[in-house]
Amino acid sequence: MPSRRSFLRLTAFGILVIALVTLLTPLLRPRTEPVAQPGPLVVVSMPTLRWADVDERRTPTLDRLADDAAIGNLATHAVAGHSCSGSVWATLSSGFRVSLDDGTPEAPASGPVVPCPPIPRPVPTGGLGELGGPARFPDFPRWRAELLAQPVPAELGLLGTQLLERRQCIAAAGAGAAVGAVRKDGTVASYEPDPRRADLRRCPITFVSFDGVDDAGLARIIDRLPREATLVVTGHADDQAPESLRAVLMRGPGIPEGRLTSASSRQPGLIRTTDLTALVTSRVSALPGTSYEGRIPVVLPGASGDDVRAELAGTARALDVQHHLVRPFFTTYVLVSLVTIGVILLVLQRDRSRGQTIRRSSAGRALRIASAAVAAVPVSTILAGLVPWWRWDHPTLGLVISVLGWAAVLATVALRGPWRSRRAGPAGFLAATTALVLAVDLVLGGHLQLMTMMGLQPVYGGRLHGLGNVGFALTASGALLAASLLTGRLSRRDPSRAARVIAAMGIVTVAVDGHYALGDEAGGSLALVWGFGYLALKASGRRTTWRGVALIAALSAFTALVMATLDMLRPRYERSHIGDFLATLIETGDLTSVVRSTFVNNWSMLTSQWVNLGVPVLLLLAAWAARRPLSSLGRPLTRLERQIPLLRIGFTAIVLCWIVGFLTNDSGTSIPPAGSILIVPLVVLMTACAPQPPADHAPGHAPDRAADAAAS
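Since the structure is predicted, the reported quantities are computational estimates derived from the model, not experimental observations.

Some details on the overall build of the protein
Argument step 1. Along the backbone of the protein there are 24 helices and 14 strands.
Argument step 2. Residues classed as buried in the protein amount to 55% of the 712 residues present.
Argument step 3. Counting contacts in the protein only where the partners sit at least 6 residues apart, residues at least 24 apart contribute 72% of the total.
Argument step 4. Put simply, the protein shows about 30,000 Å² of open surface, and 62% of that area lies on carbon and sulfur atoms.

Description of the pairing of strand E9 (residues 205-209)
Argument step 1. For E9, the tally of buried residues reaches five of five residues, placing the bulk of the element in the interior.
Argument step 2. Going residue by residue along E9, you find Ile205, Phe207 and Ser209 tucked away on one face and Thr206 and Val208 tucked away on the opposite face as well.
Argument step 3. Where strand E2 (residues 41-45) lies against E9, five bridges are found, and the strand directions are parallel. Residue pairing across strands places serine 45 opposite serine 209, the latter belonging to E9.
Argument step 4. With four bridges joining them, strand E6 (residues 170-173) and E9 adopt parallel strand pairing. Paired with alanine 173 across the two strands is valine 208, which belongs to E9.

Here's the deal with the pattern of salt bridges
Argument step 1. As enumerated under the stated definition, the model contains 18 salt bridges in all.
Argument step 2. Among the salt bridges present, the one from aspartate 63 reaches arginine 309, with a minimum N-O distance of 2.7 Å. Here aspartate 63, found in helix H2 (residues 60-66), pairs with arginine 309, found in helix H9 (residues 306-353); they are 246 residues apart in sequence, far enough to count as distant.
Argument step 3. Since its relative accessible area comes to 14%, aspartate 63 is described here as buried.
Argument step 4. Its relative accessible area of 5% is what places arginine 309 among the buried residues.
Argument step 5. The shortest N-O distance in the salt bridge between arginine 309 and aspartate 67 comes to 3.0 Å. Linking arginine 309 in helix H9 with aspartate 67 in the loop between H2 and strand E3 (70-75), this pair joins segments that are 242 residues apart in sequence.
Argument step 6. A network of salt bridges, in which partner residues are shared, links Asp63, Asp67, Asp306 and Arg309.

Examining the side chain of arginine 183
Argument step 1. If you trace the backbone, arginine 183 turns up in the loop between helix H6 (175-181) and strand E7 (187-188).
Argument step 2. Buried and unpaired, arginine 183 has no salt bridge, with aspartate 185 as the nearest side chain of opposite charge at 4.4 Å.
Argument step 3. What arginine 183 contacts, discounting residues up to four positions off in sequence, is Phe140, Gly157, Gly160, Thr161, Leu164, Val188 and Ala189.

What about the state of the cysteines?
Argument step 1. One pass over the full model with this rule turns up two disulfides.
Argument step 2. The disulfide partner of cysteine 169 is cysteine 203, and the S-S distance across this bridge is 2.0 Å. Taking the torsion about the sulfur-sulfur bond, which here is approximately -110°, the covalent link between cysteine 169 and cysteine 203 counts as left-handed. Linking cysteine 169 in the loop between helix H5 (158-165) and E6 with cysteine 203 in the loop between strand E8 (190-192) and E9, this pair joins segments that are 34 residues apart in sequence.
Argument step 3. Residue class for cysteine 169 comes out partly exposed when judged on its relative accessible area of 22%.
Argument step 4. Here the disulfide map of the protein reads 1-2, 3-4, the bonded cysteines being numbered as they appear in the sequence.

Cut-offs used in this document
- Residues numbered from 1 in each chain as written.
- Predicted model: local features only at pLDDT ≥ 70, side-chain atom pairs only at ≥ 80, totals over all residues.
- Heavy atoms only, no water.
- Helix = DSSP H or I, 4+ residues; strand = E, 2+ residues; numbered from the N terminus.
- Buried < 20%, exposed > 50% of the residue type's maximum accessible area, 1.4 Å probe, protein only.
- Contact = heavy atoms within 4.5 Å.
- Areas by Shrake-Rupley, 256 points an atom, 1.4 Å probe, with all protein chains shown as cover.
- Pairing = 2+ DSSP bridges.
- Salt bridge = Lys/Arg side-chain N within 4 Å of Asp/Glu carboxyl O.
- Lys, Arg positive; Asp, Glu negative; His and termini not counted.
- Disulfide = S-S within 2.5 Å.

Laid out in structure tokens, this is it:
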């Protein structure tokens, strides 16, 4: 165990890092202005609307309306792969992403979109439906029961009921709008089937749902807007179109001009459906409770002209292109990498039989180049966001060229930099670069991860900021490997100092990953403490004991508690999901929903495709390689460890981090494969950079077995 003085110093360092992140990060964020609603609120949905569709010729009303407005993109993803209007309106009503009798899959890259189910229509009560009277959904009790039984329970009608309690009603025009306006008893205060005939004066809030982009219908709504009204127009859902970000604009006397954002997205020009729920509730409460996912939209003040609209359309286009490229790109990437490295290894075996070493042979040089390039691809997909490839005439080609170009640059620097003389130098550079690029991007706002194939996927995923599971896997794997390589030689001279350096690096990594202002990753901070804790413990020369394991477990739980508490202490409208979780836990004492959600989402992801079932197998194989140095899987690490101290311990720490991350993260199934994409080629690169014994000392001969035994 660390000495008391070292423990106090590391504790002080951790407090300093957390304080600096808490105090300085807000200074790097742009200034925002709040929105206000001095009069009525009218929310109009036009499914499939994108900024690429808005121009003076096709949509003159929208084109004029966007001038001097607050504009942005809207992430409409709910639960199903494809967002349908019924489910999106139900999401708005409940404040959580839900599915309303909807399992519509993602649209194929080519071919027709699977039709959305019809939107349920309420039944007028009292025969006044045509006049905008009250109505009721007959199937409401079943819907409510199904949504309450979800892994994360959601209460359909929560929005309408909370407003009713404050004596505000919601009028609905159109079937979808009625779903959004429903109350907990299944009733709608005022329902008009025809959106063009919406009564905008019956209630303080009016929801209007068109079946698609209807510029003329919107013009009729605008002509009848009450004085001082705030108007919100949204693309709302994908419906009959492929998945994409949809357009959203807000205009009114209390809406500044600029780009929309929110605390739930933290991205300029991007909000989500549940942020509109928070916008509606802000009429009756400046601090919406923890019962909603969304946060009140705010505005980054500035222009909202053609250039900004073109930028928003470019973001949507970039995300469309990179999503459809993910599967073919990485399938090709993995297959080509395996074939290339496999062929080189066969040639290398031939050269070794002729007495040539791996460092001198042409096959060895080819292996170094290939493995460095393969290891550089993950971080290159993130750096590709620095190049506006989506503006090219052929954006798919632009994205591929950008990724491969960055990979070539990084591989060249890794192999030709001043660290090239060290056997682990190139691999250490690529591991550290991967972790540093992701960390710097988080400090600067995390915008690059929004535009990458290995990033957040806002069109399809639930996270719009911080580190997703793939980003966490790359950051954790790169940081742990870099820490083990950096302190390897130091651990032989001064084990205690090496452990302190590792602990300090771990503190910084955990702060970047887990702090609400940066990575905002609860499960990730737990896993990182386990990884860095094990690495520091073994680097100090101590054996793994139950006392050490208990200490790491306690530190892991304490770290997660500190991160959640810091977030919970903020105002409710600024909190992330971590602070909301702790506040709800203190209020209800219920952990079951989070545990159930994590299990269900992981199990669903594991069983969604047969290839995902290989993730537990991957973890078992990695653990076997780490813990069995004389096995066929562990032997390459054993050979390298003679020349690269702490390598096996570092690899074990990485596998431990993957396992904990897999178990504690929502949809953590993606963590081990994403981490292995970085670690496996780096191990190959270190093998290619290390001198090998001649053929007569090949594996299986006595000298090699003796060395293996000594290394173990």
